[in-house]
Amino acid sequence: MTPLETKIRKRINASGPLPVSEFMNMALCDPELGYYKTRNPIGGEGDFITSPEISQVFGEIIGLWCAVMWQASGSATDVKLVELGPGRGTLMSDMLRAIHATAPDFASAIDVHLVETSPVLRGLQEEALKEHKVTWHENVESIPGGKILVVANEFFDALPIDQFVKTEDGWQERCVSLSPNDDTLTFATMPMRHPNDADFPSEIVAAPVNSVFEENVVGKEITGSLAGRIAQDGIAALILDYGHNQHGLGDTLQAMKSHQFHNPLAEIGEIDLTAHVDFAALDAASTEQGCIVHGPIFQGDFLSSLGIEQRAEILSANASVKQANLLTDGCRRLIASDGMGTLFKAMALTPKDSVIPAGFEKRHNGVCE
Ligand code: SAH
């Protein structure tokens, strides 16, 4: 049993079953033993791999997307370039390299702000970005006012979700409890802490018995807060993650260890826990704050329309055969539908008077599945 499981069991014994969000919060962010507090989970040696770690071209393309967005919205002289959950710092490092090489005016207009709770990953970000001036934040609230350009890749899937289960007696909350039979950790249901069906989207309220509905309260709050700022002060946010366009039903909580699926209740603190992102919920939180939402569209369509394949080809021309193959394979994995091209989506938020962001022109507020 891991030390974090012991801590969770003590908590359940003292104050009863844990709602899934509280369980996830402890598993990922417990100040001493949480998964993100104690390790670098990303990369070949870690538990999962992300788009920026697959290919440098991903970050370069996103850096250029930011530069174009900045230019199209008036080339302001003071913009905060914000990344949520920057992992090893690879995405921001690739973005800044491309920005400095191709858009020096934009480079001198930005200062970089990273929102990161993991001390281990902050250390890696510091190393990856040592040539740049960077400010770290525990949460979005401390980012100074003014224009912001926000990028978040695989950030929202890492936030705690609540799960609700439809029973014969109505909706109940899913929780982690101790089994009365053998005292192992198990999923169970408990009465809703905030019994208010009105909070559920209307198409979900009447779902059949045994349906599971998930809600990412923290994700909605963060999105709403950033959207409010973007609507008022400008410029934009770009969210890339895996998930669904419409509110969906189903249990998407998943655990990963060493690139394999795992039992979410085993080896707690040493496994990654994520859930699919409900883009419709983020859309609603943004629209409520006065932003226009673009997409979500497939990541593959987004990256292809921004020229990721052409960029990989240009780099390949000056690379060794081995490097060229890596570039081609990486690019394919990011855009192919049997890779990350369709499960992953891109969504952008802008103020009402903004141009349509690059890559979203054809599918403004469109549906892609
Ligand atoms: N964007 C990176 C890493 C994705 S992993 C990439 O694409 O490689 C999720 C990231 O979000 C990690 O950096 C993790 O430490 C951070 N994170 C998780 N929960 C967070 C929270 N509540 N606040 C800020 N950062 C968080």
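(A) The packing of aromatic side chains, seen in detail. Under the definition given, this model contains 8 aromatic pairs. With centroids separated by 5.3 Å and ring planes inclined at 70°, the aromatic side chains of Tyr 35 and Tyr 36 adopt a geometry described as edge-to-face. We note that Tyr 35, like Tyr 36, is buried. Centroid distance Phe 302 to Phe 360: 5.2 Å. Interplanar angle 45°. Geometry classified as tilted. A residue pair is termed long-range when its members are at least 10 positions apart, and Phe 302 in helix α12 (residues 299-305) and Phe 360 in the segment after β16 (344-350) qualify at 58 residues. Taking the relative accessible area as the measure of exposure, Phe 360 reaches 0% and is therefore buried. The positively charged end of Arg 174 is found above the aromatic ring belonging to Phe 187, 4.0 Å away from the centroid.

(B) Representation of the domain arrangement of the chain in the model. Under the domain assignment used here, the chain contains domain 1 (3-30 + 161-214) and domain 2 (37-159 + 216-307 + 336-350). Using C-alpha coordinates to define each centre, domain 1 is positioned 28 Å away from domain 2. Each side of the interface is counted separately: domain 1 has 26 residues, and domain 2 has 22 residues. For the pairing of domain 1 and domain 2, the buried interface totals around 2000 Å² over both sides, and the portion due to carbon and sulfur atoms is 67%. For the domain 1 face of the interface with domain 2, the top three residues by lost area are Leu 28, Ile 161 and Glu 214, together amounting to 27%. Summed over the shared surface of domain 1 and domain 2, the result is 1 salt bridge. A salt bridge links Arg 174 to Asp 251; its shortest N-O distance comes to 3.3 Å.

(C) The nonpolar core, seen in detail. Counting 49 residues, the largest nonpolar core has Trp 65, Leu 81, Met 95, Phe 106, Leu 149 and Phe 302 as its most contacted members. Of all the elements, helix α5 (residues 56-72) adds the most residues to this core, at 9 residues. Ranked by size, the runner-up nonpolar core spans 27 residues in total, among them Leu 4, Tyr 35, Tyr 36 and Ala 255.

(D) Fine view of the pattern of salt bridges. What the rule picks out here adds up to 19 salt bridges. A salt bridge links Arg 193 to Glu 22, with the shortest nitrogen-to-oxygen separation between them at 3.4 Å. Taken together, the residues span a long stretch of sequence, with Arg 193 in the loop between β8 (185-190) and α9 (202-205) and Glu 22 in helix α2 (residues 20-29) at a distance of 171 residues. For Arg 193, a relative accessible area of 34% corresponds to the partly exposed category. With a shortest N-O distance of 2.8 Å, Glu 215 and Lys 220 are connected by a salt bridge.

(E) Region of the structure containing the environment of Arg 333. In this fold, Arg 333 is placed in helix α14 (residues 321-335). It is 9.1 Å that separates the C-alpha atoms of Arg 333 and Gly 300, two residues lying 33 residues apart in sequence. Not counting chain neighbours up to four residues away, the residues in contact with Arg 333 comprise Ile 49, Ile 54, Gly 339, Met 340 and Gly 341.

(F) Layout of the pairing of strand β11 (residues 254-257). In this sheet, strand β13 (residues 272-274) lies alongside β11 in antiparallel orientation, the contact comprising 3 bridges. From the neighbouring strand, Ala 255 faces β13, where its bridge partner is Leu 273. The pairing of β11 with strand β12 (residues 260-262) spans 3 bridges and is classified as antiparallel. Residue Met 256 lies in a different strand from β12, and its bridge partner there is Phe 261. Two successive antiparallel strands, β11 and β12, enclose a turn made up of 2 residues, where Ser 258 displays a positive phi of approximately 45°.

(G) Focus on the sheet that holds β13. Taking strand neighbours across the sheet as the criterion, the 3 strands line up as β12-β11-β13 in an open arrangement whose pairing is antiparallel. On the outer flanks of this sheet lie β12 and β13, each paired with one strand and no other. Averaged over all adjacent pairs, the angle separating strand axes in this sheet is 40°, with direction ignored.

(H) View of the pairing of strand β10 (residues 235-244). The buried fraction of β10 is high, at 10 of 10 residues. By the bridge criterion, 2 bridges tie β10 to strand β14 (residues 277-278) in an arrangement that is parallel. Its bridge partner being in β14, His 244 is matched across the sheet by Asp 278.

So, how was this worked out
Residues numbered from 1 in each chain as written. Predicted model: local features only at pLDDT ≥ 70, side-chain atom pairs only at ≥ 80, totals over all residues. Heavy atoms only, no water. Phe/Tyr/Trp six-rings, centres within 6.5 Å; stacked < 30°, edge-to-face > 60°. Buried < 20%, exposed > 50% of the residue type's maximum accessible area, 1.4 Å probe, protein only. Helix = DSSP H or I, 4+ residues; strand = E, 2+ residues; numbered from the N terminus. Lys NZ or Arg CZ within 6 Å of the ring centre and 35° of its normal. Domains from an automatic or database assignment. Contact = heavy atoms within 4.5 Å. Buried area = accessible area lost by both parts, 1.4 Å probe. Salt bridge = Lys/Arg side-chain N within 4 Å of Asp/Glu carboxyl O. Core = buried A, V, L, I, M, F, W, Y, C linked by side-chain atoms within 4.5 Å. Pairing = 2+ DSSP bridges. Axes fitted to C-alpha atoms, helices over the stretch in contact; angles between N-to-C directions.

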